[in-house]
Amino acid sequence: MSLSRKIALASVATIILVVGLTIGNMTLFTRSLQRSEEQNTSLTIERTISAFDDYLHRLDVLNRDWAAWDDTYNFVKSPSENVDYIEVNFPDATFADAKLNFILIIDNSGSLVYGKAFDLNIEQEVPILESLQEHISDEALIGHEGVDDSLIGIILLPEGPLMVSSRPIVTSEGEGPIEGTIIMAQFLDSSAVGALSNTIHLPLVLVTVNDMNMPSDLEVARSSLTIEAPILVRAISSESMAGYFLLKDIYGSPAIIFRLTIPRTLYAQSVA
């Protein structure tokens, strides 16, 4: 074999080796980048869930101030003797300022002593939804075991998901006996989702698990998400990663799915 032929064969072998190593390195790099993107998206989902929990917590803190108050305590014990409690404390401004859609006061028998519904969009009082009234006497909402007990979470109504806080009515000193329950609630509507989206500085979409017209990618996510595995991360394009997470209602059933979208900045830089 001539020297030139040997050199040519050696060059081809070198090129093949270099190409093989390059492809191998690119494959390892791509996998590492994918893991990094998935971890970043998962961390963002956790921060979003934490921000949502903060929304629920603020609702619960507001409710706690009303639940552990002598005025509320005396009212639920003797409504007819404390009519001024309603007139003074529940004008439309109370609902508008606190972004509340419902305040319900229930006695220990499960009867509604007082309730008011408020439409935040038109800023007017509206009838209390029948679908909500069906939950009022449920043990999950009014079955408080102690003076410090509370329930916060989601109720899925036909009209939309509702953030609720339920607390036992006790004295201003936080003492019993428990005389009833006060529930405060706010719809988790586009306005609330928009506020949450502004908090995390990322686009956020919400659908209910029974939505028959959800986008196709959310429909795929719904088939994969469970109470045991409530988070899903996937690339939806070369520009975006999507994180999906499922939240359950106060009864422990799947209720809503959030989707957040994260730009694939690192991926774009790496490709470049």
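Residues numbered from 1 in each chain as written. Predicted model: local features only at pLDDT ≥ 70, side-chain atom pairs only at ≥ 80, totals over all residues. Heavy atoms only, no water.

### Considerations on the packing of aromatic side chains
- Under the counting rule described, the total for this entry stands at 10 aromatic pairs.
- Centroid distance phenylalanine 245 to phenylalanine 258: 5.1 Å. Interplanar angle 25 degrees. Geometry classified as stacked. Placement of the pair is phenylalanine 245 in strand E9 (residues 240–248) and phenylalanine 258 in strand E10 (residues 254–263), with a sequence separation of 13 residues.
- An aromatic cluster is built from Trp66, Trp69, Phe75, Tyr85, Phe90 and Tyr114, whose rings are joined through pairwise contacts.
- Above the ring of tyrosine 55, the side-chain terminus of arginine 58 is found at 4.6 Å from the ring centroid. (Phe/Tyr/Trp six-rings, centres within 6.5 Å; stacked < 30°, edge-to-face > 60°. Helix = DSSP H or I, 4+ residues; strand = E, 2+ residues; numbered from the N terminus. Lys NZ or Arg CZ within 6 Å of the ring centre and 35° of its normal.)

### Description of the sheet that holds strand E7 (residues 204–208)
- Taken in spatial order, the 4 strands make up an open sheet running E7-E10-E9-E8, and their pairing is antiparallel. The sheet is open, and its two edges are formed by E7 and strand E8 (231–235), each paired on a single side. Pairwise comparison of adjacent strand axes, ignoring direction, gives a mean angle of 20 degrees for this sheet.
- Direction of pairing for E7 relative to E10: antiparallel, over a ladder of 5 bridges. The partner of valine 205 across the bridge, within E10, is arginine 259.
- Contacting E7 and E10, helix H7 (residues 190–200) crosses the sheet at an angle of about 145 degrees to E7.
- Strands E7, E8, E9 and E10 of the sheet are contacted by helix H8 (residues 216–224), whose axis makes an angle of about 125 degrees with E10. (Pairing = 2+ DSSP bridges. Axes fitted to C-alpha atoms, helices over the stretch in contact; angles between N-to-C directions. Contact = heavy atoms within 4.5 Å.)

### Thoughts on the pairing of E9
- Where burial is concerned, most of E9 is hidden: 8 out of the 9 residues are buried.
- Relative to E9, E8 runs antiparallel, the two sharing 5 bridges. Note that in E9 the partner of valine 233 across the bridge is glycine 243.
- Connecting E8 to the next strand, E9, in antiparallel fashion are 4 residues.
- Bridging between E9 and E10 involves 9 bridges; their strand directions are antiparallel. Paired with phenylalanine 245 across the two strands is phenylalanine 258, which belongs to E10. (Buried < 20%, exposed > 50% of the residue type's maximum accessible area, 1.4 Å probe, protein only.)

### As for the environment of serine 224
- With respect to the helices and strands, serine 224 occurs in helix H8.
- Excluding residues within four positions of it along the chain, serine 224 makes contact with Ala229 and Leu232.

### A closer look at the environment of isoleucine 183
- As for its position among the elements, isoleucine 183 is in strand E6 (residues 180–187).
- With 41 residues separating them in the primary sequence, isoleucine 183 and isoleucine 142 have C-alpha atoms 8.9 Å apart.
- Here isoleucine 183 is in contact with Asn63, Phe102, Ile103, Leu104, Ile106, Leu141, Ser165 and Ser166, once residues within four sequence places are set aside.

### Section: unusual backbone geometry
- Residue proline 177 is reached from glycine 176 by a cis peptide bond, and omega for that bond is 10 degrees.
- Topologically, proline 177 is positioned in the loop between strand E5 (160–168) and E6.

### Regarding H8
- Turning to H8, its buried residues are Asp217, Leu218 and Ala221. Within H8, the buried residues cover an arc of 95 degrees as seen down the axis, which keeps them to one side. Exposed residues pointing more than 90 degrees away from the buried face of H8 are listed as Ser216 and Ser223.
- Among the structural elements, E7, E8, E9 and E10 are those in contact with the buried residues of H8. (Arc of directions from axis to C-beta.)

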